Amino acid sequence: MTTPSLDHDLDRIAHALDRLERAAGAREAEIVEMTALKARHRRLKDTVSTELQQLDLLLANLPQKP
C-alpha cells in the first residue's frame with residue numbers, strides 16, 4: 001500500500017513524463033517541418049539563380065547604345 005505523499009509524487013512524475021513526451025513529439029514535428037522548409041528554400045534559391053543567369057545573358061546580348 002502506498003502513502004498519499006508517495007501517490008502524489010508518482011502522479012507528479014507521470015505528469016512530468018507526459019509533458020516531456022509531448023515536447024519531444026512537438027520537437028520532432030519541428031525538425032520535419034524545418035527539413036522541408038530548407039529543401040524548399042534550396043529549390044527557390046536555385047530557381048532564382050538560374051533566372052538571374054538567363055536575365056544576365058539577355059542583357060549582355062542587347063545592342064549597345066552609341
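Residues numbered from 1 in each chain as written. Predicted model: local features only at pLDDT ≥ 70, side-chain atom pairs only at ≥ 80, totals over all residues. Heavy atoms only, no water.

A. Just the overall build of the protein chain, in detail. For the protein chain, the helix and strand inventory stands at one helix and zero strands. Whereas a compact globule of 66 residues would reach a radius of gyration of roughly 11 Å, the protein chain reaches 29 Å, over 25% beyond that. Along the longest, intermediate and shortest principal axes, the C-alpha atoms of the protein chain span 100 × 15 × 5 Å. Looking at the protein chain as a whole, 0% of its 66 residues qualify as buried. In the structure as shown, the protein chain presents an accessible area of about 6,500 Å², 62% of it carried by carbon and sulfur atoms. (Helix = DSSP H or I, 4+ residues; strand = E, 2+ residues; numbered from the N terminus. Rg over C-alpha atoms; globule rule 2.2 N^0.38 Å. Buried < 20%, exposed > 50% of the residue type's maximum accessible area, 1.4 Å probe, protein only. Areas by Shrake-Rupley, 256 points an atom, 1.4 Å probe, with all protein chains shown as cover.)

B. Up close: the environment of D7. With respect to the helices, strands and loops of the structure, D7 is situated in helix α1 (residues 4-60). Residue classification places D7 among the partly exposed positions, given a relative accessible area of 39%. Remark: the alpha-carbon pair of D7 and A24, spanning 17 residues in sequence, is separated by 26 Å.

C. Spotlight on the pattern of salt bridges. Following the criterion strictly, the structure yields three salt bridges and no others. Here D18 ties to R22 by a salt bridge, and the two come within 3.0 Å at their closest N and O atoms. Here D18 and its partner R22 are both found in helix α1, four residues apart, which amounts to about one turn of the helix. A relative accessible area of 36% places D18 in the partly exposed class. With its nearest N and O atoms 3.3 Å apart, the salt bridge here joins E30 to R27. With E30 and R27 both in helix α1 and three residues apart, this pair spans about one turn of that helix. (Salt bridge = Lys/Arg side-chain N within 4 Å of Asp/Glu carboxyl O.)

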